[in-house]
Every structure is written in C-alpha cells, then in structure tokens.
Amino acid sequence: MEEYRLYLDKLNMMPHPEGGFYKRNWQSLINGDLKDAQGKVVFQKRLIGSSILYLLPHEMVCKWHRVKCDEMWHFYDGTALNIYLLTPQKGLETVVLGKDLKAGQIPQFIVPNQTWFAAELVSPAGFTFCGCTLWPAFSYTDFEMAECVSLADDFPKYKELIQRIQNHPQ
C-alpha cells in the first residue's frame, strides 16, 4: 500500500478536479464586502478565507488552473513540489515548495490571484502533502480550469510544458 494512503484514509480526502486529493479543513465564519487597494468591492458578501489539505501522489499532476483570489501553499510532508506559474509579465516562473532551504526550496508561497498555475512532484516517486489557504474563501465560481489550446496560444514559448501537464493521465 502506498504511504500516502494513510493521509487519504485518516483525513477523508476526496479527488480534486485539478488532480490530487483534498479535504477542506477551515472556513472563516466572518464575511463581508472585500475591496481592492483602490476601495472597489471585488467580492461581495464573501467569507474572508478558507483552507484545504492537499495531497498530490507521484502518478498525478495538478493541472493548469487559476482562481480569482490569492492562494498560499504550505508544505507539510513528502517530496518537494514544482509549482509552475504563467503570467504575461514574467512568462514561466517555477517555485519549488519543500523543506530543503539549502536547495532553494521554500515552505510557503503565494500564488497571486488570476495567475495560471500547475504543479508536479520534483521526483518521479513519492507524494506531496501540503495545504492551501485562500483569501477570500474558495468558491467554484472563482475557479477556472485552463483550455490547453488557448493557454498554449497565449504562451507559445511554453507549449510543451502546458501540453505535458494538461495531457498527463491521472
């Protein structure tokens, strides 16, 4: 039995639409109108935050997607994770989420809102167990899976990586 099965069973984790498994473990009871830096209401009557536990086994990837809110990833256990970000300003950026600071890994990272991103394990074995916290609280109305052809058209320089992640068998 795979070592990560303990997490799935003990935490009652479910399959996630982007790949991997999750369990919502916190949702704020505080809500309100959330404003941007200019004072414009961008999220009306929303809970201020939520978080999930997330597990990605080596045979899966976290497919290209984006959300309308900021998302902080927290590393807990397992293998380091490559998080790929695509923005018009920077192109492709890779952040390695993990605990080996000497190797340049970081234990927490914020994916800015509206940023296309995907993830896969650094090594071909093992799993990553981490958490994701979102402000405001996650809602599927804020979640968008990438259309591979369109994303590759927007970022042709990274077409091979986009297609490899998006076409990965789960």
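Going by the structure above, here's the rest.
So, here is what we can say about the structure in this document. All chains use their own residue numbering, which begins from 1 and follows the written sequence. In keeping with the predicted nature of the model, local features appear solely for residues at pLDDT of at least 70, side-chain atom pairs appear and are counted solely at 80 or more, and the whole-chain, interface and lining totals rest on all residues. Side-chain metrics in this entry use all non-hydrogen atoms of the structure; hydrogen atoms and water are not considered.

Segments assigned H or I by DSSP are reported as helices when at least four residues long, segments assigned E as strands when at least two residues long, and all are numbered from the N terminus. Counting its regular elements, the protein contains three helices and 13 strands. Since a compact globule built from 170 residues should have a radius of gyration of about 15 Å, the 16 Å found for the protein is in line with a globular shape. Principal axes of the C-alpha set define a box for the protein whose edges measure 45 × 40 × 30 Å. Relative accessibility decides the category of a residue: with a 1.4 Å probe and only protein chains considered, values under 20% of the type maximum give buried, values over 50% give exposed, and everything between is partly exposed. Among the 170 residues that make up the protein, the fraction classed as buried is 48%. Total accessible area computed for the protein in this model is approximately 9,300 Å², and 54% of it derives from carbon and sulfur atoms. Charge counting treats Lys and Arg as positive and Asp and Glu as negative, with His and both chain ends excluded. A charge is said to be at NZ when it belongs to Lys, at CZ for Arg, at CG for Asp and at CD for Glu. Put simply, the protein has 17 plus and 19 minus side-chain charges, and the middle of one group is 5 Å from the middle of the other. Our radius of gyration is a C-alpha quantity, and the globule rule it is checked against amounts to 2.2 Å times the number of residues to the power 0.38. The Shrake-Rupley method, run with a 1.4 Å probe, gives the accessible areas here. Residue values count only the displayed protein chains as cover.

Further remarks concern the nonpolar core. Met13, Tyr54, Leu55, Trp73, Leu81, Ile83 and Leu97 are the most contacted members of the largest nonpolar core, which totals 35 residues. Non-local contacts of Leu55, meaning those with residues more than four positions away in its chain, are made with Tyr4, Tyr7, Leu8, Met13, Gly20, Phe21, Phe127, Thr128 and Phe129. To form a nonpolar core, buried Ala, Val, Leu, Ile, Met, Phe, Trp, Tyr and Cys residues must be joined to one another through side-chain atoms within 4.5 Å. Counting 15 residues, the second-largest nonpolar core is a separate cluster that includes Ala146, Tyr158, Ile162 and Ile165. A contact between two residues is defined here by any heavy atoms of the two lying within 4.5 Å.

Quick look at the packing of aromatic side chains now. Any aromatic ring pair is given by two values, namely how distant the centres are and how the planes are angled relative to each other. Ring pairs shown here join Phe, Tyr and Trp side chains whose ring centres sit within 6.5 Å, with only the six-membered ring taken for Trp; geometry is labelled stacked below 30 degrees between planes, edge-to-face above 60, and tilted in between. Across all of its chains, the model carries nine aromatic pairs by this definition. Between Tyr7 and Phe129, the aromatic rings sit 4.3 Å apart at their centres with planes inclined by 35 degrees, giving tilted as the arrangement. Taken together, the residues Tyr7 in helix 1 (residues 5-11) and Phe129 in strand 12 (residues 127-135) connect sequence positions 122 residues apart. Judged by its relative accessible area of 8%, Phe129 falls in the buried class. When the centroid spacing of 6.0 Å and the interplanar angle of 85 degrees are considered together, the rings of Trp73 and Phe117 count as edge-to-face. Pair noted here: Trp73 is in strand 7 (residues 70-78) and Phe117 is in strand 11 (residues 116-121), with a separation of 44 residues, a long-range link.

Before going further, it helps to spend a moment on the state of the cysteines. Note: disulfide means a covalent bond formed between the sulfur atoms of two cysteine side chains. Whenever a pair of cysteine sulfur atoms sits within 2.5 Å, that pair is classed as a disulfide. Per the stated rule, a full pass over the model turns up zero disulfides. Lacking any disulfide linkage, Cys130 is separated from the closest cysteine sulfur, that of Cys132, by 5.0 Å. For Cys130, a relative accessible area of 0% puts it in the buried group. The buried category is assigned to Cys132, whose relative accessible area is 2%.

So, on to the pattern of salt bridges. Salt bridges are defined by distance alone: a side-chain nitrogen of Lys or Arg within 4 Å of a carboxyl oxygen of Asp or Glu. Counting across every chain of the model gives four salt bridges. Residue Glu120 is joined to Arg164 by a salt bridge in which the shortest nitrogen-to-oxygen separation is 2.8 Å. Of this pair, Glu120 sits in strand 11 while Arg164 is found in helix 3 (residues 159-166), placing the two residues 44 residues apart along the sequence.

These figures capture arrangement, not role.
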